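One letter stands for each residue in the lines below.
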Amino acid sequence: MGENTAKISPNPALSRDRIRQVNVPSGVEVAPSILAADFACLGDAIGSVERGGVSLLHVDVMDGHFVPNISIGVPVVASLRKATKLQLDVHLMIENPEQYIEAFATAGADMISVHQEATPHLDRALTMIRERGCKPGAVINPATPVVMLREVLGKVDHVLVMSVNPGFGGQAFIPEATEKIRELREIRDRHHYSYRIQVDGGIGPENVAEVVRAGAQILVAGTSVFHTADPAAAVREMTRLAGEALVQKVRKVV
Ligand code: DX5
Ligand code: ZN
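What counts, and where the lines are drawn
What you see as residue numbers is a count from 1 along each chain, following the sequence as written. Each chain takes a letter, starting from A, and each ligand takes a number, starting from 1, following the order in which they are written. For this predicted model, a pLDDT threshold of at least 70 governs which residues receive local features, and a threshold of 80 or more governs which side-chain atom pairs are given and counted, while totals over whole chains, interfaces and linings are taken from all residues. Derived side-chain values reflect all non-hydrogen atoms in the structure, with water molecules and hydrogen atoms excluded from consideration. Under the DSSP-based scheme used, a helix requires at least four consecutive residues in state H or I and a strand at least two consecutive residues in state E, with every element numbered from the N terminus. To sort residues, take the accessible area from a 1.4 Å probe on protein chains only and compare it with the maximum for the residue type: under 20% means buried, over 50% means exposed, and anything in between is partly exposed. Using only the protein atoms, space was sampled on a 1 Å grid; points where a 1.4 Å probe fits but cannot get out form cavities, open sets with protein on both sides within 12 Å along at least five of seven lines form pockets, and lining residues are those with an atom within 4 Å of a point. Grid points are joined across faces, edges and corners, and a volume is the space filled by probe spheres set on the points. Only Asp, Glu, Lys and Arg are considered charged in this grouping, and only Ala, Val, Leu, Ile, Met, Phe, Trp, Tyr, Cys and Pro are considered nonpolar; every other residue, Gly among them, is considered polar. Here a residue is considered near a molecule or strand provided that any single heavy atom belonging to it is located within 4 Å of it. Definition of a polar contact: a pair of N or O atoms within 3.5 Å, with one able to donate and the other able to accept a hydrogen when the atoms are protein atoms, and with sequence-neighbouring residues admitted only if both atoms are side-chain atoms. The method behind every accessible area is Shrake-Rupley, applied with a 1.4 Å probe, and residues are considered shielded solely by the protein chains displayed. Any two residues having at least one pair of non-hydrogen atoms within 4.5 Å are treated as being in contact. Salt bridge criterion: a side-chain nitrogen from Lys or Arg within 4 Å of a carboxyl oxygen from Asp or Glu. When DSSP finds two or more bridges between two strands, those strands count as paired. Every axis corresponds to a line fitted to the C-alpha atoms, with the helix fit spanning only the stretch in contact, and the corresponding angles, defined between N-to-C directions, vary from 0 to 180 degrees. Classification remark: right-handed applies to a crossover when, strands pointing away from the viewer, the course from the first strand over the helix to the second runs clockwise.

(A) Broad picture of unusual backbone geometry. A positive phi is found at Asn-96, a non-glycine position, where the angle reads about 50 degrees. Tracing the backbone shows Asn-96 in the loop between strand S3 (87-93) and helix H4 (98-107). For Asn-96, a relative accessible area of 45% corresponds to the partly exposed category.

(B) Region of interest: the layout of surface pockets. Counted as a void, the largest pocket has a volume near 310 Å³. For the largest pocket, the lining is made up of 26 residues, of which Gly-169, Gly-170, Gly-201, Gly-202 and Gly-222 are closest to its centre. If you list the elements that add at least two residues to the lining of the largest pocket, you get strand S2 (56-62), strand S8 (218-221) and helix H8 (223-226). Considering only residue class, the lining of the largest pocket consists of 12 nonpolar, 11 polar and 3 charged.

(C) Spatial organisation of the site of ligand 1. Around ligand 1 sit 20 residues in total, of which Ser-33, Asp-60, Gly-167, Asp-200 and Thr-223 are the nearest. Contact distances for ligand 1 include 2.7 Å between an oxygen atom and a side-chain N or O atom of Ser-33. In the environment of ligand 1, an oxygen atom lies 3.4 Å from a nitrogen or oxygen atom belonging to the side chain of His-58. In the complex, the protein chains occlude 99% of the 380 Å² of accessible area that ligand 1 would expose alone.

(D) Fine view of helix H3 (residues 74-83). Among the residues of H3, those classed as buried are Val-76, Val-77, Ala-78, Ser-79, Leu-80 and Ala-83. Buried-residue contacts for H3 involve helix H2 (42-51), S2, S3 and H4.

(E) Representation of the environment of Leu-246 in the model. Along the polypeptide, Leu-246 turns up in helix H9 (residues 231-253). For the pair formed by Leu-246 and Ala-214, sequence separation is 32 residues and the distance between their alpha carbons is 9.7 Å.

(F) Up close: the pattern of salt bridges. For the structure on display, the rule yields 9 salt bridges. Of the charged contacts in the structure, one is a salt bridge between Glu-131 and Arg-132, with a shortest N-O distance of 3.8 Å. Glu-131 gets classed as exposed once you look at its relative accessible area, which sits at 59%. Across the pair Arg-150 and Glu-151 runs a salt bridge, and its minimum N-O distance is 3.1 Å. We note that Arg-150, like Glu-151, is exposed. Within this structure, Glu-102, Glu-131 and Arg-132 form a network of salt bridges that share partners.

(G) Representation of the sheet that holds S8 in the model. Taking strand neighbours across the sheet as the criterion, the 8 strands line up as S1-S8-S7-S6-S5-S4-S3-S2 in an open arrangement whose pairing is parallel. At either end of the open sheet lies a strand with only one pairing partner, and these are strand S1 (29-32) and S2. Shown here is a sheet whose adjacent strand axes are inclined to one another by a mean of 25 degrees, direction ignored. When strand S4 (residues 111-115) meets strand S5 (residues 135-140), the two strands line up parallel, connected through 5 bridges. Across the sheet, Ser-113 pairs through a bridge with Gly-137, a residue of S5.

(H) Highlighting the pairing of S3. The buried fraction of S3 amounts to 7 of the 7 residues, a majority that puts the element mostly inside the structure. With burial as the criterion, each face of S3 is covered, one bearing Gln-87, Asp-89, His-91 and Met-93 and the other bearing Leu-88, Val-90 and Leu-92. Strand direction decides the pairing type here: S2 and S3, joined by 7 bridges, are parallel. Bridge assignment links Met-62 to a residue of S3, and that residue is Met-93. Handedness of the crossover joining S2 and S3 through H3: right-handed. By the bridge criterion, 4 bridges tie S3 to S4 in an arrangement that is parallel. Bridge assignment links Leu-92 to a residue of S4, and that residue is Val-114. With respect to chirality, the unit in which S3 leads through H4 into the neighbouring parallel S4 is right-handed.

Put into structure tokens, the structure is as follows:
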């Protein structure tokens, strides 16, 4: 562990099993994005969303090249790994992602997502992630159509639809993302694929129902969780809204 490792107090209160039990029965999960948390008090931020019953923590890695912002890297993921039993969902917004997969896997990532736009060797990157024991995910930017993932959809654990242009938290949801979620759900049904559909950017109570009805199963949310007085309550409320939307969806089908 390097000297620059961030210090985050461990929270032994929640075991992996307990986290599974409090997980959303509806099958839709909120994945809080720590990009919107106060980095000086990450341990507290994590504790607050653990109390909200989440099972995933979304970790945004930015390199200042693929996206116009720099965020966190391998040492922070290693510290998070020691501080929580939550699954670490690492979203790589970096060039040459293949070069860093090993390091993030070793640091303790459970899921690693790579942008289609960031590498000409997406298939190789996804295979590397699986070989390192992590769940591979492919990501598309708002300007990238779903068809660009066609050849890898049978190999991914999850597909992440960006509903903002990546690089910053706090941006407005781009509504065209909803149609892409629907398209991914239809393709999955048609081909019997097993990926989960994740959406990231501008997600909050006002659009949870829309994306869940379209087929989103993992809702990444930063600002709407951590820029509130009570992140645990924010997560619970979004989870409740997701469950409600799912019930409506099932009723409509029946
Ligand atoms: C944006 C990141 C997101 C971001 C979402 O590039 O990938 O995960 O944290 O933040 P909000 O929820 O504030 O849009
Ligand atoms: Zn993200």
